[in-house]
Each structure stands twice: as C-alpha cells, then as structure tokens.
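The residues making up each chain are set out below.
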Amino acid sequence: MQCKLTRLSLLISGLFVAGAPAFAQTTPTTEVGTVTVQGSGGTAAATGLIQAEESPKARSSVNRDYIEKQSSNGNPYQMINLLPGVNTYDNDGTGLFGGNIRVRGFNSDQLGFTINGAPVNDSGNYAVYPQEYTDAENLCNIFVTQGSTDTEAPHVGATGGNIGMTTCAPEDERRIRVTNVLGSNSLWKRYVRFDSGKLFDGRFKFFLSYSKTTADKFKGAGGAIKDHVDFGANLDLGQGSFINGSILYNKAINNNYRSLTKAQIAQYGTGYDFGTKAPVHQPALAGTAQNDTTYSPNASIANDNYYAYSLNPFKNWLATVNGHFQLSPTSSIDVDPYFWYGFGTGGNQLQNVKEGGVAGASQVGGGVRDINGDGDRLDTVYAYQGSVQKTFRPGVTFKFNQQLDNHKLMAGYWYERSRQQQNGPFSPVDSNGNIADLWLENSDQWLRNADGSVLQYRDTMTISTAQSIFLQDSINLMNDKLNVQVGGRYSSIDRDFTNYPSSGSSSGTASNASAGYYKVKKSYADLLPSLGLRFQLDERQSVFFNAAKNFKAPGNFSYFNLLSGGSIVNGQLVGATQRAVPVDKETSWNYDLGYRYNTDKWMFSSSVFYIDYHNRIASAYNADTNSKTDYNVGDSTSKGFELESGYALTRNLSMYGSLSYIKSKMKDDMRNSATQVLPTSGKEFPDTPNWLSALSLQYQQDGWYVFGQAKYTGNRYTTLVNDDSIGGYTVFNAGAGITLPSTSWMKKPTIRLNAYNLFDKQYLNLSSGSGSQFTTNANTVNGISGSAPSFYVGAPRTFTVTLTADF
C-alpha cells in the first residue's frame, strides 16, 4: 500500500515542482465573479479541474469542460472526486445509488450543499442525497470551499465548508439536444433538452429537459429507475438587472446494496447481497398463533432478507429564483427565494409485526389489530414498513451590495422555515412479494391498532426556523495588491419538535421511549466571524490567509426516544419522564494559509490548514437507551496540507494533480453511558485517510480527446477507538470522445466512451451513514463489548457509451 502511494505521489509531485519560468507569456482572461476563466485550449485549465481562484480561502472547482467529458449519469460526488481534500465514494458506478463524501474529514452532514444558491441538505439531520439533485448535462460548475463556509451561505449545519452546484444558463440559439447513454449493468439513460433561444428582443430565454435512467445493480437483484425534469429561465431587465429562475423535479426508486462485515465477506464473498426469495405468510387459522418468522418456507428470510423490501423511493422538487436589481452603478439588491419539497421512504423494510393479543392493553393504541384476517390477535405477520419523510421548506435570502471607493460592502438576511413530518407506518404484503402501498402514501392501506390509530414505529413533526444576518467588507489596498475581507454572520435555528405516541419499534411492539406525547423546543445560535487576506506578490503569484468560525446545530434525531420509565395502561403511556437532549451544537475554527501561482500554462495552489473543533458531533451506540444516539465526542483537531496543480505540457496535452494530507486527533475520552467510558483520546476520526492523491492526463485535438485518471485513497480507521481499519486503494478511470462533422439536419454529433475502475480494483468503503454514524469499538474495550463495522463493496469495472446530437 505504501509503495502505491509513493509511485502515484511521485508522479503528482513532478507536476507541482515543474518550473514556472519556462512560461513567461499569459493570455487575456475574463473575470467571472471570483473565478478567472481562461481559454481551455493548450492551457493549464484545459482539464476543467482547476481555475484561477481569487478568493482569500481554500477553494477548488470543476467546470463544464470537465463535467461534459464524464459519464452524464454520474452524480455530483463523482464529478469532484479528484479535487484536494475530497474523499468520496459511490455505491455503484452508475451514480444512481447514492454514496458519501468527506472534505478534510468533515462528513457530508457537516458540509453545506446548495443548488443555484438554495440549500439542499436535509433540514432535520443535514443528510445529502447526491443522486436526487441534477442531470449532469445541465451542470456548469461545482465548487468546494474546504473548511470555511461562505459568509452569506444559507446554512446552520456546516462546520466544514460548503459545496455549490450551478446549472447552465439557457442557450442563446434555439436547439434540441438528444442524448442516449448505454452501459454496464443494463444502464440506459434517455435525455432530451429544448432551448428556446433568445425571445422578446433578446431579453428572455429558457430551457426544459427531461431524462429517464434505468440500471441494474452490479451485484444482487434489483436496480434503479429515475425520472428527472429541469427547467431554467433568464429574464434580462436591462441596466444590469435580471431574474433567473429554475425548477428541478426528481422521482426515483432504487433497491439498496447490502453492507457487509468483514466476517460476512470472508464467509459469503463480496457478491453477497439481499435474497431473492419473497417471504410467504403462514396459512391463517383462527384460535392458534401463526408466526411467519418461524414458518419453514421462510427459513432463509431472517439471514437473507428480501431485496424488493430494501429500497428507497423518493421524489422531490426545488424551485429557485435569483433576482438581481441594479439600483445604481455602485449598488444593487439580490432577492433569492426558494422552495423545496421532498417525500419518500427507505431502509430495510421487511418487518415482522406481532398482533396485540392478550397483552394489547399494555401496548400503544391497545396493540395491533388482526392482520391476517383469522379473527384472532395471536399472530406474528410479515409486513412492509418504511421511514417516511415529508418536507416543506420555503426560504429567502436578501443581499444589499454597495461599492464605496475601495470598499465592497455586502449585507444581508437569510430566513427559512422548514416543516418536516417523519413517521413509520406499516403496509400489508402478500406471499408473492407485492406491497399494498409501496410509497406509503395511502393511509387506508396501513396497519392499525385496536383503537383505530395508525400503527407506526415513529410519528414526529419538526418545525425548524433558521435565519442569519450577515455583513462583509472587501477592501482593496496598496493599489489593489492587498485584499482584506472582514465578515461576520449571526446564525440561529429554533427547533420545535413534537413526538406523537408510537410503538417505537420496527416490529410494532411497544417501546416506552416514544410511546407518549412530548415536545422539545431548543434554540441554537452563534456569532461567526471571518477574516480573509490575499496579497498579490506579482501578476502570477499570490498568498492568502483565512480564519473563520462555523457551527452546526444538532440534528432533529437527537430529540427522538427521550422518554424513560413509565408503563402503558389501556393503550396509553403513564408515569414516564422526559430526558434532556443529549447533544449540544458543534463549532469549529478553520485556519488556512496558502500560495497560488497562475499563468496560462501552469496553475498551482497550495494551503496548509488547522481546524479546531469543539463539541464535535458523532452518532454511536448508547448502552443506556439501546439505540444510536448523537454525542458530543469532545474537542478535536485536524491539520494538514492540500496541493493542486494544472499543467499544459503541450498545446494538446495537459495534466492535473492533487495531493492531500490530514491528521486528526480527538482530545477526550467518550462516555457512552452513565458508567461506560471509551478511550478515544488521542485517536483519529474514522473514515479519514491521512493521504489522498489524484492524477489526470488529457490529450485533446481537433474535436476529439482521450484522458486517464487515477485516485488514491489511503488507509483509514473504521471505529472511534481505532481498533479496526481498512487498507488504501487506487482506482483508475478513462474516457475518450469525438465530435463528428455536422450534417444538414444534425449538429455536433458526439460519441463518448467512459470506463470507471478500469482495472477492476476490489476495495471497501465504510458504511457510516449520512449522519456521521460510527461504530465505537470492534473489539471488547474496557469491558464494553464491540460490534463489527459494516462496509460497502466498491463497484467493479463499469463502461458507458454516450451518443449526443443537436437538432
């Protein structure tokens, strides 16, 4: 493993130490915001993986030049995988089955994600689902700010920076674009986009696109189907004012991949997945107890489960408006409203439900009614149950911009009110694997208790009101050589959480922790200052420094299952006490010191960073409540460096490389119960490899190109006490494309070939959930029994062929 790192790092280091003096000439540039975009042919930016950043903080991005050469079924995680500090994996090479990302060790739920400026993290637990957001054909830019969240960013859950996606504007000329993608595992994507071209004297234009993607899993039964619609419109109001709007709609169902422990991999192999045998019901017989779980035809179900009951149906839409109004040559106002709606379910949804029987009075709602219709309540019956979530999330950001001499002032306000309902109803299933209500939208199909109430393992409502007031001054000094950015925002979130009585158990049997009604009202707030300095040494070289404070409020799952004690009498919980919320906000101070070198032929960016966490949040097993619980695992630090460089070897041949090192350390031992303490002090955070490196080589000429990529991910620990780990690996990708001559009826016909994991490398990724969920210890530590971490098997070699043409 160490040898692999050395070989790849030597290649990349050659890119970093290449001599800049050989290239004295530069080409004209066009400034777009804080990014300088240069012509791609024969330049350091030709790969689309690096741009001349001017921000006084660590920042990396990919643009359309790179995105359009990748397989268009890919998700945003895959698009930024080569950038420094980014550690990401995809559950499947198709991009349809999710994955996870960490940047500088920050998990996805510690990063702020936006699409056209609107936040898309889950409003409750900040989770991110990359397969639900965009079609790659409509993406023009994805940026990553490593460590420091932008002053105006609409987030209250981002301690580790932000990732932003920007969709492409409508085309100036009318066109219809058609794309077909065919690939491994029966992948088929059909995409069509209509651009109106400029209308109404050139002031208005729009596009509308639709895609449908289907694929099978690379192992086990099942697959994915996704329908996606994007709409974008630009209205030029004149005098520098404009209104841009966008709408995205996504509806998808995908079967899950089974995560495996090392013991399961050793016993069954890496191809082990969910079973294909549907569970059947034991024939009903009045007066006797039937039990589907012990019925002999279901003997393998408990171990194998059933693939068709492990799936993730979800649909969502997002509407955004970006209104920019120029009040004068030096002042403007931006008004950016948005609305997010999401509905879906997921998880491993095969459950066994026990009817109420004689013990019904001691269960919520009097216990479960007769399910199998035999006239008694003695049976245990298989059913389908999901973690349903419905979210309504409106918000708006106001910004006022003013140029005063050498000061560029920005002041603004962000407001959002999210209403998130989370419940867990049960639907009947038949003996052929059919589900009465797969989406869990029809309450008439749900199982009920004796008193007529819906049987649910959870039933909650979270109303989250978030807001920020922010102010920033960007000051140019010393003939614009020195730029100073001083900013601050005061961010807050008010959580109003209601728990309605539910069984609290996926089997339908009572758990007192959620069996009663209770409310939690919590507020979290912090003042978040930031300071950025950039000094231009000469026209090529600059240095920068950044310091910023970030914070993350606890997710709403911290409010679940807070009741203890008591008993259920006549279907209602009495005598219970409500525990305090077990976790407080997480904060971090991020410090960056960097150097940039930019010419037409060579771009280089480097930074050293230090992160000081306080009350870092992680989710782990709580022995007192017998459940996963968010913890403040104490203070911790992370430090390291990041390098990236783009180099034009010739007019047609260009390279890109990145190299990252991080060392994290927890400062405190973790108490996971009243009497149990785990020795986490001095340990590293799980799933945070010390080394990451990437290399891309691209040749492009006269309408055709070919490229190769390599990404090394170092070894990393898999538990909080560092008593288990997995090794590093290198994955190679490749691609090629050619644009053929246009005809009288078809323009720019293009063929692309992409290969993922070219050499079919076998590797594992930690299954740590979207909420920073970690196994505390794999082995017995301080008398505390361990549990085995689980892993996703890396996707094998995958090919796609893309055919695109305009009409």
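Structure: see above.
Criteria and thresholds
Residues numbered from 1 in each chain as written. Predicted model: local features only at pLDDT ≥ 70, side-chain atom pairs only at ≥ 80, totals over all residues. Heavy atoms only, no water. Helix = DSSP H or I, 4+ residues; strand = E, 2+ residues; numbered from the N terminus. Rg over C-alpha atoms; globule rule 2.2 N^0.38 Å. Buried < 20%, exposed > 50% of the residue type's maximum accessible area, 1.4 Å probe, protein only. Contact = heavy atoms within 4.5 Å. Areas by Shrake-Rupley, 256 points an atom, 1.4 Å probe, with all protein chains shown as cover. Salt bridge = Lys/Arg side-chain N within 4 Å of Asp/Glu carboxyl O. Pairing = 2+ DSSP bridges. Core = buried A, V, L, I, M, F, W, Y, C linked by side-chain atoms within 4.5 Å. Patch = residues over 30% accessible without salt bridge, like charges linked within 9 Å, V, L, I, M, F, W, Y side chains within 5 Å. Disulfide = S-S within 2.5 Å. Phe/Tyr/Trp six-rings, centres within 6.5 Å; stacked < 30°, edge-to-face > 60°. Lys NZ or Arg CZ within 6 Å of the ring centre and 35° of its normal.

K.L.:
Whenever I open this one, the overall build of the protein confuses me. Can you help?
P.N.:
Each helix and strand in the protein was counted, giving 5 helices and 48 strands. For 807 residues, the compact-globule formula gives about 28 Å, and the C-alpha radius of gyration of the protein, at 27 Å, lands near that figure. Taken over the C-alpha atoms alone, the protein extends approximately 90 × 60 × 55 Å along its principal axes. The proportion of buried residues among the 807 residues of the protein is 57%. Put simply, of all contacts in the protein between residues at least 6 apart along the chain, 69% involve residues at least 24 apart. If you sum the accessible surface of the protein, you get close to 30,800 Å²; carbon and sulfur atoms cover 55% of it.

K.L.:
What is the right way to read the pattern of salt bridges from this model?
P.N.:
Side chains that differ in charge, positive against negative, can pair when their charged atoms come close. Applying the stated criterion to the full structure yields 23 salt bridges. Note that D806 and R177 form a salt bridge whose closest N and O atoms lie 2.6 Å from each other. Here D806 is found in strand β48 (residues 798–806), whereas its partner R177 is found in strand β13 (residues 175–183), with 629 residues between them in sequence. On the basis of relative accessible area, D806 is assigned to the buried category, the value being 7%. One salt bridge connects D724 with K262, and the closest N-O pair in it is separated by 3.0 Å. Of this pair, D724 sits in the loop between β42 (716–717) and β43 (725–726) while K262 is found in helix α4 (residues 262–268), placing the two residues 462 residues apart along the sequence. Via salt bridges that share partners, R175, R177, R193, D195 and D806 belong to a single interconnected network.

K.L.:
I tried to follow the sheet that holds strand β5 (residues 86–90) on my own but got confused; where do I start?
P.N.:
The strands making up a sheet are joined through hydrogen bonds of the backbone, oriented either antiparallel or parallel. Sheet architecture is open: 3 strands sit in the order β5-β6-β7, paired in antiparallel fashion. If you trace the sheet from one side to the other, it starts and ends with β5 and β7 (106–107), each paired once. By the bridge criterion, 5 bridges tie β5 to strand β6 (residues 99–103) in an arrangement that is antiparallel. Residue pairing for β6: D90 is matched across the bridge by G99.

K.L.:
So what exactly am I meant to see when it comes to the pairing of strand β32 (residues 586–598) here?
P.N.:
One face of the sheet, then the other: side chains in a regular strand alternate in exactly this way. Pairing geometry for strand β27 (residues 541–552) and β32, over 12 bridges, is antiparallel. Looking at β32, one finds that S542 is bridged to R596. Both β32 and strand β33 (residues 602–614) contribute to a ladder of 12 bridges, which runs antiparallel. Looking across to β33, one finds that S588 is bridged to Y613. Hairpin connection of β32 to β33: 3 residues between the antiparallel strands.

K.L.:
Help me understand the nonpolar core, please; the structure alone is not making it clear to me.
P.N.:
In summary, soluble globular proteins display a tendency toward joint burial of nonpolar side chains. V62, I80, L83, I101, F113, I142 and I163 are the most contacted members of the largest nonpolar core, which totals 64 residues. In contact with I101, not counting residues within four places along its chain, are Y77, I80, V86, N87, T88, F106, N107, S108, L111, F113 and I163. Ranked by size, the runner-up nonpolar core spans 17 residues in total, among them Y382, W439, L440 and W446.

K.L.:
Please explain the sheet that holds strand β8 (residues 112–115) as it appears in this structure.
P.N.:
The strand order β4-β10-β12-β8-β9 describes an open sheet built from 5 strands, whose pairing is mixed. Strand pairing shows two members of the sheet lacking a second neighbour, β4 (59–63) and β9 (118–119), which therefore form its edges.

K.L.:
Before we go on, may I ask you to explain a nonpolar patch on the surface in this structure?
P.N.:
Residues W704, V706, I738, L740, I751, L753, F799, V801 and L803 make up a contiguous nonpolar surface patch of about 700 Å² in total accessible area. Elements supplying a minimum of two residues to the nonpolar patch: β41 (704–713), β45 (747–756) and β48. Looking at the nonpolar patch, the element that brings in the most residues is β48, giving 3 residues. Position of L803 relative to the elements: it lies in strand β48. Its relative accessible area of 42% is what places L803 among the partly exposed residues.

K.L.:
Looking at this structure, I do not really get the state of the cysteines. What am I missing?
P.N.:
Where two cysteines share a covalent bond between their sulfur atoms, that bond is called a disulfide. One pass over the full model with this rule turns up 1 disulfide. What pairs with C140 in a disulfide is C168, and their sulfur atoms sit 2.1 Å apart. Judged by the torsion about the S-S bond (110°), the C140/C168 disulfide is right-handed. Residue C140 is located in strand β10 (residues 139–146), and its partner C168 is located in the loop between β12 (161–167) and β13; the two are separated by 28 residues in the primary sequence. In this structure C140 comes out as partly exposed when scored by relative accessible area, which is 27%.

K.L.:
Teacher, can you tell me more about the packing of aromatic side chains here?
P.N.:
Aromatic ring pairs are described here by two measures, namely the spacing of the ring centres and the angle between the planes. In this structure the tally under the stated criterion is 36 aromatic pairs. Relative to Y384, the ring of Y309 has its centre 6.2 Å away and its plane inclined at 65°; by these criteria the two rings are edge-to-face. A residue pair is termed long-range when its members are at least 10 positions apart, and Y309 in the loop between α5 (301–304) and β18 (311–328) and Y384 in strand β21 (residues 380–385) qualify at 75 residues. Residue classification places Y309 among the buried residues on the basis of a relative accessible area of 0%. Three or more aromatic residues joined by ring pairs make a cluster, and in this case those are F194, F200, F204, F206 and F231. Across from the ring centre of F609, 4.1 Å away, lies the NZ or CZ of R104, which sits over that ring. Over the aromatic face of F685 sits the side chain of R616, whose NZ or CZ is 3.6 Å from the ring centroid.

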